[in-house]
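# Observations on chain architecture
Okay, here's what each chain looks like letter by letter:
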Amino acid sequence: MLTSLVIFLPLLGALALLALPSARAVKWTALGTTVATFVASIALFMAYDPAVSTATGPQLAHIVDGWFPEGVDIKYFVGIDGLNVLLVLLTTLLGPIVVLSSWYYIDSNHKGYYALLLILQTGITGVFTAFDLVLFYVFFELTLIPMYFIIGIWGGEDRIYAAIKFVLYTLVGSLLMLGGVLYLGFAAGAAQGVGFTTDWYNLLAYTIPLGTQTWLFFVFALAFAIKVPLFPLHTWLPDAHVQAPTGGSVILAGVLLKMGTYGLIRFCLPFFPNAAQSAAVLIGALAVIGIIYGALLARVQPDAKKLVAYSSVSHLGFVVLGIFAFTTEAMQGAVIQMINHGISTGALFLLVGMLYERRHTRLMKDYGGLATSVPILTTFMILSVLASAGLPGLNGFVGEFMILLGAFKSTVLDSPMLVALATTGVILAAVYLLHMVSQTFFGELTHPENAEMEDMTPREFLLMAPLAVLMIVMGFFPQPFLNQTAPTTDFLLETIETKRVAAIDAAEAQTGTQALAAPSTQAAPETPAPLFGTDASAALRNDLIDISSR
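Nothing here was measured: the structure is a model prediction, and the numbers come from that model. Per chain, the residues get numbers from 1 upward, laid out in the order the sequence is written. The predicted origin of the model limits local features to residues at a pLDDT of at least 70 and limits the giving and counting of side-chain atom pairs to 80 or more, whereas totals for whole chains, interfaces and linings rest on all residues. The side-chain figures draw on all heavy atoms in the structure; neither hydrogens nor water molecules are used.

In this section: the overall build of the protein. Under the scheme used here, helices are H or I runs from DSSP no shorter than 4 residues and strands are E runs no shorter than 2 residues, and both carry numbers assigned from the N terminus. The helix and strand inventory of the protein stands at 24 helices and six strands. Each radius of gyration is computed over the set of C-alpha atoms, and the globule rule expresses the reference value as 2.2 Å times the number of residues to the power 0.38. On C-alpha atoms alone, the protein measures out to a radius of gyration of 24 Å, which is about the 24 Å that the 2.2 N^0.38 rule sets for 550 residues. Overall, the C-alpha framework of the protein stretches about 90 × 55 × 45 Å when taken along its three principal axes. Counting only residues that meet the buried cut, the protein has 60% of its 550 residues in that class. In the structure as shown, the protein presents an accessible area of about 20300 Å², 68% of it carried by carbon and sulfur atoms. Charge counting treats Lys and Arg as positive and Asp and Glu as negative, with His and both chain ends excluded. To locate a charge, take NZ of a lysine, CZ of an arginine, CG of an aspartate or CD of a glutamate. Placing the 22 positive and 33 negative side-chain charges of the protein at their respective mean positions leaves the two points 9 Å apart. Each residue is placed in one exposure class: buried if its accessible area under a 1.4 Å probe, protein chains only, is under 20% of its type's maximum, exposed if it is over 50%, and partly exposed if it falls in between. Per-residue accessibility takes into account occlusion by the displayed protein chains alone, with areas from the Shrake-Rupley method and a 1.4 Å probe.

Now for a nonpolar patch on the surface. Here, patches come from residues exposed beyond 30% relative accessible area and free of salt bridges, joined within 9 Å for like charges and within 5 Å for nonpolar side chains (Val, Leu, Ile, Met, Phe, Trp, Tyr). Any carboxyl oxygen of Asp or Glu within 4 Å of a side-chain nitrogen of Lys or Arg constitutes a salt bridge here. A cluster of nonpolar residues, Val469, Ile472, Val473, Phe476 and Phe477, forms a patch on the protein surface that exposes about 480 Å² of accessible area. Turning to its location among the elements, Phe477 is positioned in the loop between α22 (458-476) and α23 (479-516). For Phe477, a relative accessible area of 54% puts it in the exposed group.

Looking now at the environment of Val98. Mapped onto the fold, Val98 is located in helix α3 (residues 85-101). For Val98, a relative accessible area of 2% translates into the label buried. On a C-alpha basis, the gap between Val98 and Thr457 in space is 16 Å, while along the polypeptide they are 359 residues apart.

On to the packing of aromatic side chains, then. Two aromatic rings from Phe, Tyr or Trp, using only the six-membered ring of Trp, form a pair when their centres are within 6.5 Å; if the ring planes differ by under 30 degrees the pair is stacked, by over 60 it is edge-to-face, and anything between is tilted. Under the definition given, this model contains 30 aromatic pairs. Between the aromatic rings of Phe8 and Phe139, the centroid separation amounts to 6.3 Å while the plane-to-plane angle is 45°, which identifies the pairing as tilted. Here the residue Phe8 occupies a position in helix α1 (residues 2-17), and Phe139 occupies one in helix α5 (residues 133-142), the gap between them amounting to 131 residues. For Phe8, a relative accessible area of 28% translates into the label partly exposed. With a centroid separation of 5.5 Å and an interplanar angle of 20°, the aromatic rings of Phe397 and Phe401 are classed as stacked. Note that Phe397 and Phe401 are positioned in helix α19 (residues 395-409) at a spacing of four residues, about one turn of the helix.

Turning our eyes to something else, we now look at the pattern of salt bridges. Applying the stated rule across the entire model yields ten salt bridges. Notably, a salt bridge pairs Lys75 with Asp73, separated by 2.9 Å at the nearest N-O pair. The burial state of Lys75 is the same as that of Asp73; both residues are buried. The closest approach of N and O atoms between Asp81 and Arg266, which form a salt bridge, is 2.8 Å.

One less than the number of residues in a helix, times 1.5 Å, gives the span that helix is expected to have. Taking 1.5 Å per residue as the helical rise, helix α2 (residues 23-47) with its 25 residues ought to reach 36 Å, and the 36 Å between its terminal C-alpha atoms agrees with that figure. Val26, Lys27, Ala30, Leu31, Thr33, Thr34, Thr37, Ala40, Ser41 and Leu44 are the residues of α2 that are buried. Structurally, α2 contributes buried residues whose contacts are with α1, β1 (59-64), β3 (76-80), α3 and α4 (110-129). Any two residues having at least one pair of non-hydrogen atoms within 4.5 Å are treated as being in contact.

Now for the side chain of Asp73. Tracing the chain through its elements places Asp73 in strand β2 (residues 72-73). Excluding anything up to four places from it in sequence, Asp73 contacts Asp132, Phe196, Thr197, Thr198, Asp199 and Asn202.

Further remarks concern the nonpolar core. Buried residues of nine kinds, namely Ala, Val, Leu, Ile, Met, Phe, Trp, Tyr and Cys, make up a nonpolar core once their side-chain atoms join them within 4.5 Å. Counting 181 residues, the largest nonpolar core has Phe136, Leu184, Phe217, Phe220, Phe271, Phe324 and Met436 as its most contacted members. Per-element accounting of this core gives the leading share, 16 residues, to helix α16 (residues 328-359). Discounting residues that sit within four places of it in the chain, Phe136 has contacts with Val127, Ala130, Met177, Phe224, Tyr262 and Phe267.

Next up on the list: the pairing of β3. A large share of β3 lies buried, amounting to five of its five residues. Along β3, one buried face is formed by Tyr76, Val78 and Ile80 and the opposite face, lined by Phe77 and Gly79, is buried too. Strands were regarded as paired on the criterion that DSSP finds at least two bridges between them. For β1 and β3, the ladder comprises four bridges, and the chain directions are antiparallel. Paired with Ile63 across the two strands is Phe77, which belongs to β3.

The subject of this paragraph is the packing of helix α9 (residues 210-227) against helix α12 (residues 258-271). How two helices sit against one another is set out by the angle between their axes and by the gap between those axes. Packing of α9 against α12 leaves a shortest axis separation of 8 Å and a crossing angle of 170°. Taken together, the axes of α9 and α12 lie roughly antiparallel to each other. Contacts from Gln213, Phe217, Phe220, Ala221, Phe224 and Lys227 in α9 reach Met259, Gly260, Gly263, Leu264, Phe267, Cys268 and Phe271 in α12. Classification convention: Asp, Glu, Lys, Arg as charged; Ala, Val, Leu, Ile, Met, Phe, Trp, Tyr, Cys, Pro as nonpolar; all other residues, Gly among them, as polar. Taken together, the residues that form the contact of α9 with α12 break down as nine nonpolar, three polar and one charged. Axis definition: a line fit to C-alpha positions, over the contact stretch in the case of helices; interaxial angles, taken between N-to-C directions, run 0 to 180 degrees. Geometric relationships in this document are graded by angle, where less than 35 degrees denotes roughly parallel, more than 145 denotes roughly antiparallel, 65 to 115 denotes roughly perpendicular, and other angles denote oblique.

This part takes up the packing of α2 against α4. Viewed as axis vectors pointing N to C, α2 and α4 meet at an angle of 10°, and their least axial separation amounts to 9 Å. When the axis of α2 is compared with that of α4, the two are roughly parallel. For the pair α2 and α4, contact is made by Ala23, Val26, Lys27, Ala30, Thr33, Thr34 and Thr37 and by His110, Lys111, Tyr114, Leu118 and Gln121, respectively. By residue class, the composition of the contact of α2 with α4 is five nonpolar, five polar and two charged.

To continue, consider the confidence of the model for the protein. For the protein, the average pLDDT comes to 87, and 93% of its residues sit at 70 or higher. A residue's pLDDT is the confidence the predictor assigns to it, expressed on a 0 to 100 scale. Across residues 515-550 the pLDDT falls below 50, and counting only partners more than four positions away or on other chains, this stretch makes 44 contacts in the model.

Residue Pro229 is reached from Val228 by a cis peptide bond, and omega for that bond is -5°. In the segment running from Phe231 into Pro232, the intervening peptide bond is cis, with an omega of 5°. Following the sequence through the fold, Pro232 ends up in the loop between α9 and α10 (236-243). A positive phi angle, close to 55°, is found at His360, a residue other than glycine. Among the structural elements, His360 can be located in the loop between α16 and α17 (370-373). We classify His360 as exposed; its relative accessible area is 58%. The backbone of Asp414 shows a phi angle near 45°, a positive value even though the residue is not glycine. Assessed through its relative accessible area of 59%, Asp414 is described here as exposed.

Dropping the structure here:
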């Protein structure tokens, strides 16, 4: 029940604030709801034990079934494992921070704005905790609605264009994924004798034929690649970031984009391991192109917010590269880098938003010399920039280093040149981020308004402080965080390899059976091989049990 409380408490808060009479009451209710949700998520984090295997089921699970007729295995199934526990914590941490950042920025229709923020938090948390594929899809689509209105109502000049573009890109990918979900549910259900199933563990226990894996992987990976976004599907992101209000940009960069990388790890790799490894070099190459291309575009931006937006394209390229390296170091680096990116890039959007509130411009040429007038804000900006650039001792270094190390060792990618090109992204990140700091905070005070600018208020200091602390703590002491994710990532990698071999064995066995059969004018149709239903796959089940007991 604790997991469901963390998911739905923001939704209850959204319903409650709609009945409140004043903007002040709405703000405080939204803040109280998000703080209470964060406290509940800390309890969830403390209750999660990484030493307990989640190979046969998540921890702190909440299951409600019986909603559909017999033979249709769709249910409310949520839980916690090493892959989602830190993402849930990050989502709930950003909740009160976003509310505080919007305190004065949003000056109209407060009920609608804060209600949509809370509904969005419910949708994102549901995505990360769902262990039923239909439930995951419902939460995945739910996040579109509030973000569309947040951009479209409270965004900038071109907000309608940006909002529609965001929805169309994401909707096309997710509708294709829905077709894959239905096919996979029927195929796995037929193989396991339940008719239709979208239970993650049932789908994990099903060996998908090699030929079918290819197109299923494509539709799932396309939906998640759009959400990341992976080059060349990234064009919606800069528009959405620039037009969104500060709170929307923080949520978008901090956790919404992670739904794409999370989906790749949770579904694409373990469900379609053969197809995923076959496509690894191609996707790795696209990730590296995104790393360099995003960095180069960031360098030439005159708009500070657009610069930070393109930095997300570059940084998330590292995460995708780590995912498709299929090594322990790279996978753990990818998971921890999702958290690191949410912290440092979320902080950058907050700081750019603070400057915009003071001067109502995001053009770097309109600033300069701010270090003398706003020294506290400058300190936070330099810390966030160095963390985002991957300075050793700060959080960004840990994830990127593990990803590059794991990718270099990868026998699937097997391309030191690809890794070398990716490494240039670290150098380019320092170039464009330090350029932003130099243009904005150093040099001469050429504009009188900058000399009179107010430094950070106690409210702004309060919302930045936890992010700054995490940048330092995760940089110097990453091991406690890696310990949370390691058992689950190890289990997934071992399961991927076991299922990859099982699919090849099933294909070879089927070919051998057809060769021994009497000649026929028509080849026997390809039949799916259940993972836990035959003598050959019984050995695979034992392998997975062995993995879960480690």
